[in-house]
Amino acid sequence: MARMGRIAALLNQKGGVGKTTVTLGLASAAAHAGHRVLVVDLDPQGSSTWVLGHDPAADQPMMIVPSHWGPEVDVVPSTPGLHDHDHHPGEPPHHLRRALHRVAGDYDAVLIDCPPSLGQLTTSGLTAADLAVIVVDPAALGLRGIGAVADAIDHVWDNHNADLELAGVIVNRVPAISAEADRRYDELTRIVGRKAIWQPSVPQRVIVNQAIGERRAIHSYGARSAEVSEVFDKLWAKLRKAARS
Ligand SMILES: Nc1ncnc2c1ncn2[C@@H]1O[C@H](COP(=O)(O)OP(=O)(O)O)[C@@H](O)[C@H]1O
Ligand SMILES: [Mg+2]
């Protein structure tokens with residue numbers, strides 16, 4: 001049976017907000033549910049490539065390889081050469097779109113982990129995507145520039161991909177108790193509207209950081225990660241719902 005195969009780009013021009021963490025959390029939830037996903041690592045730094053068991057080493061053409069997480073998760077590894085593409089536009093943004101549309105039907109979803117910029121690579125990611133998901137960190141500076149992200153989505157919608165839809169905003173790394181984070185959350189609500197923010201938010205937890213460092217799926221920690229795993233299960237369900245509508 002053909003799978004859903006919708007393509008989601010996770011983006012923010014800021015680094016360190018959790019694009020990679022959320023992409024991999026969703027992939028972990030998908031695998032745990034027995035769904036198949038393809039993670040496309042568009043960041044030249046190759047964090048998700050590394051966590052999924054590969055070294056973003058030699059300059060090689062983009063290709064799909066199995067991840068070390070199991071048969072449910074494949075990955076298009078990043079290569080350092082991607083960096084040049086971001087700064088010397090030349091590659092038409094539709095190249096990635098055509099390539100991913102050919103394989104999307106083999107997966108329940110394709111997750112594009114975008115680099116921390118709004119350059120050519122993120123444009124390519126958005127041109128290939130059906131859904132744009134903005135990842136934000138409620139820390140003081142994390143919300144700045146969300147307007148620029150929305151503008152980038154608009155630009156791609158206008159020029160390259162009229163199928164693109166802003167699916168929503170995932171809030172990552174919410175500390176347990178912080179009046180400052182609460183204020184930032186309220187500010188975000190004013191900027192994007194309550195309905196655009198996906199529930200639940202992803203809490204700040206040591207186990208999230210540990211899973212990344214140990215190159216493991218968050219669901220592989222059992223009871224130790226149950227709280228966070230459940231959050232990603234819900235966000236994965238939400239993504240699937242957004243992909244159906
Ligand atoms: N919810 C979280 N709890 C704890 N640490 C987190 C959380 N989200 C991200 N981190 C850590 O913050 C760092 C940056 O996250 P990352 O996903 O690489 O950001 P980005 O891809 O946006 O640059 C990583 O070391 C990651 O482990
Ligand atoms: Mg990243």
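Note: the structure precedes this text.
Summary of the structure given here. Since the model is a prediction, treat every value here as computed from it, not as a measurement.

With that out of the way, let us pick up the packing of helix α5 (residues 120–128) against helix α6 (residues 146–159). Contact pair α5 / α6: the axes reach a minimum separation of 10 Å and the direction vectors enclose 60 degrees. Taken together, the axes of α5 and α6 lie oblique to each other. Here α5 and α6 pass one another in a crossing that is right-handed. Here T122, T123, L126 and T127 of α5 come into contact with α6, specifically with A152, I153 and V156. Taken together, the residues of the contact of α5 with α6 break down into four nonpolar, three polar and no charged.

Time to look at the nonpolar core. Soluble globular proteins tend to bury their nonpolar side chains together. Residues A8, L111, I112 and A132 are the most contacted members of the largest nonpolar core, which totals 66 residues. When residues of this core are assigned to their parent elements, the largest contribution, seven residues, is made by helix α1 (residues 19–32). Among residues more than four places away in sequence, those in contact with I112 are I7, A8, A9, L10, V40, L42, G125, A128 and A129.

Turning our attention to α1. Here α1 is 14 residues long and its end C-alpha atoms lie 20 Å apart, about the 20 Å a rise of 1.5 Å per residue gives. Most of α1 is tucked away, with 13 of its 14 residues classed as buried. Phi turns positive, to about 80 degrees, at G34, one or two residues after α1.

At the junction of Q199 and P200, the peptide bond is cis and its omega measures out at -5 degrees in the coordinates. Of note, P200 is situated in the loop between α7 (179–192) and α8 (206–213). The backbone phi angle of R173 is positive, close to 60 degrees, even though this residue is not glycine. Here R173 shows up in the loop between β7 (165–171) and α7. Taking the C-beta count within 10 Å as the criterion, R173 has 23 such neighbours and is therefore assigned buried. Residues other than glycine seldom take positive phi values, yet R215 does so here, at roughly 55 degrees. Of note, R215 is situated in the loop between α8 and α9 (226–244).

The rules behind these values
- Residues numbered from 1 in each chain as written.
- Chains lettered and ligands numbered in written order.
- Predicted model: local features only at pLDDT ≥ 70, side-chain atom pairs only at ≥ 80, totals over all residues.
- Axes fitted to C-alpha atoms, helices over the stretch in contact; angles between N-to-C directions.
- Helix = DSSP H or I, 4+ residues; strand = E, 2+ residues; numbered from the N terminus.
- Parallel < 35°, antiparallel > 145°, perpendicular 65-115°, else oblique.
- Left-handed = near helix turned anticlockwise from the far one by under 90°.
- Contact = placed C-beta atoms within 7 Å.
- Nonpolar A, V, L, I, M, F, W, Y, C, P; charged D, E, K, R; others polar.
- Core = buried A, V, L, I, M, F, W, Y, C linked by C-beta atoms within 7 Å.
- Buried ≥ 20, exposed ≤ 12 C-beta atoms within 10 Å, placed from the backbone.
- Expected span 1.5 Å × (residues − 1).

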